[in-house]
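An overview of the molecular structure
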Amino acid sequence: PPVAANYELWEIANLSDSLVSQNVRQFTFMDENAMLGAYLELDIGEVDARMDVALDQIYYVYQGDGKLMVEAAQEINVQAGDVVFSKAGLNARFTQVTHDLQVVIISMKSISNTTSNFLHYTQATIEASRNSQSNTWNPFLNLANVLLGAYLLPQSAGGDSRLVHSWEELNIITSGSATFEMDTGDILVKPGSLFFVKEENGHFFRSLTSDTDILILWEQP
């Protein structure tokens, strides 16, 4: 992927092409201090062969739908736009894929203290706080090791203000497009853009071409 000081950028379309070229269903595209990023695709009727994992994981369903089975006892219906948190040590895998799945999987290298085995958020729930006139921040998953929220930017607001912080951040554009300006350079982002920003790299959104929604995942400082 394009790499510059203090940030990395990927596009889901390019990650998908990499799966084809490597003849695999899943691969790791990001390995940072606090988090790992993996990309998974499953066709209709396929079953995920994943086993127990030692880390907390967050699944973002970019496209498709199916079922996510946790510990062979709980099946969760998932579809595009959904987010699921799965606690470390659980056996979690996708089954009964009814429309081709594209999934981003983020693993946190530190472990949360939550007692919940899994948490499921639908797109409608995530975006329920939308305001057509002003930027909205909805931090719907707040654990000891990770904060995950939806940042909903109406085009009418024009963007936001520069922010700099002391923790790592991953952004996933779920709709809309804009310019993401950093101290280290500008990038154009659109649905399917994933970009990692290291700590102390100031950044903000501007030049929105439409209403723009972003999932933002922070390591907890």
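Conventions adopted
- Residues numbered from 1 in each chain as written.
- Predicted model: local features only at pLDDT ≥ 70, side-chain atom pairs only at ≥ 80, totals over all residues.
- Heavy atoms only, no water.
- Helix = DSSP H or I, 4+ residues; strand = E, 2+ residues; numbered from the N terminus.
- Contact = heavy atoms within 4.5 Å.
- Areas by Shrake-Rupley, 256 points an atom, 1.4 Å probe, with all protein chains shown as cover.
- Lys, Arg positive; Asp, Glu negative; His and termini not counted.
- Charge placed at Lys NZ, Arg CZ, Asp CG, Glu CD.
- Phe/Tyr/Trp six-rings, centres within 6.5 Å; stacked < 30°, edge-to-face > 60°.
- Buried < 20%, exposed > 50% of the residue type's maximum accessible area, 1.4 Å probe, protein only.
- Salt bridge = Lys/Arg side-chain N within 4 Å of Asp/Glu carboxyl O.
- Pairing = 2+ DSSP bridges.
- Axes fitted to C-alpha atoms, helices over the stretch in contact; angles between N-to-C directions.
- Polar contact = N/O pair within 3.5 Å; in protein donor to acceptor, adjacent residues only side chain to side chain.

**Regarding the overall build of the protein chain**
Across its full length, the protein chain holds two helices and 17 strands. Seen through its C-alpha atoms, the protein chain measures out along the principal axes to roughly 45 × 40 × 35 Å. For the protein chain, contacts bridging at least 24 residues in sequence account for 69% of all contacts bridging at least 6. By element, 49% of the accessible surface of the protein chain is carried by carbon and sulfur atoms, the whole surface being about 9,600 Å². Looking at the protein chain, you have 11 positive and 28 negative side-chain charges, and the mean spots of the two groups are 2 Å apart.

**Looking at the packing of aromatic side chains**
Two descriptors summarise a pair of aromatic rings, namely the distance from one centre to the other and the angle between the planes of the rings. Overall, the coordinates contain 11 aromatic pairs when judged by the stated rule. Between tyrosine 60 and tyrosine 62, the ring centres sit 6.4 Å apart and the planes meet at 65°, which makes this aromatic pair edge-to-face. With a relative accessible area of 6%, tyrosine 60 lands in the buried category. Exposure remark for tyrosine 62: the relative accessible area of 16% places this residue in the buried category. Between tryptophan 137 and tryptophan 218, the aromatic rings sit 5.4 Å apart at their centres with planes inclined by 35°, giving tilted as the arrangement. A residue pair is termed long-range when its members are at least 10 positions apart, and tryptophan 137 in strand β10 (residues 136–142) and tryptophan 218 in strand β17 (residues 212–219) qualify at 81 residues. Its relative accessible area of 33% is what places tryptophan 137 among the partly exposed residues. You can call tryptophan 218 buried: its relative accessible area is 15%. Here the aromatic residues Trp137, Tyr151, Trp167, Phe180, Phe195, Phe205 and Trp218 are joined through ring pairs into a cluster of three or more.

**A word on the pattern of salt bridges**
Inspection of the entire model under this criterion finds 10 salt bridges. One salt bridge connects glutamate 46 with arginine 25, and the closest N-O pair in it is separated by 3.0 Å. Placement of glutamate 46 in the loop between β4 (35–42) and β5 (56–70) and of arginine 25 in the loop between α1 (12–22) and β3 (26–31) is noted, with a sequence separation of 21 residues between them. Of the residues examined, glutamate 46 reaches a relative accessible area of 26% and is grouped as partly exposed. In this structure, arginine 130 and glutamate 127 form a salt bridge, with 2.9 Å as the shortest nitrogen-oxygen distance. Several salt bridges share partner residues, and in doing so they unite Arg25, Asp43 and Glu46 into one network.

**A look at the sheet that holds strand β13 (residues 178–182)**
Spatial strand order, β14-β13-β16: three strands in an open sheet with antiparallel pairing. In this open sheet, the two strands that pair with only one neighbour each are β14 (185–189) and β16 (203–206). The sheet shows a mean angle of 25° between the axes of neighbouring strands, taken without regard to direction. Where β13 and β16 come together, four bridges link them in antiparallel fashion. Within β16, the position partnered with phenylalanine 180 by the bridge is phenylalanine 205.

**Quick notes on the pairing of β10**
Taken residue by residue, a regular strand's side chains alternate between the two faces of the sheet. Pairing of β10 with strand β11 (residues 146–153), which is carried by five bridges, proceeds in the antiparallel orientation. In the strand pairing of β11, leucine 141 is matched with leucine 148. Connecting β10 to the next strand, β11, in antiparallel fashion are three residues.

**Quick word on the side chain of histidine 203**
You can see histidine 203 is positioned in strand β16. In terms of polar contacts, histidine 203 uses its side chain to reach the backbone carbonyl oxygen of asparagine 201, at 2.8 Å. Sequence-distant contacts of histidine 203, defined by excluding residues within four places in its chain, comprise Ser161, Arg162, Leu163, His165, Glu169, Phe180, Glu181, Met182 and Val197.

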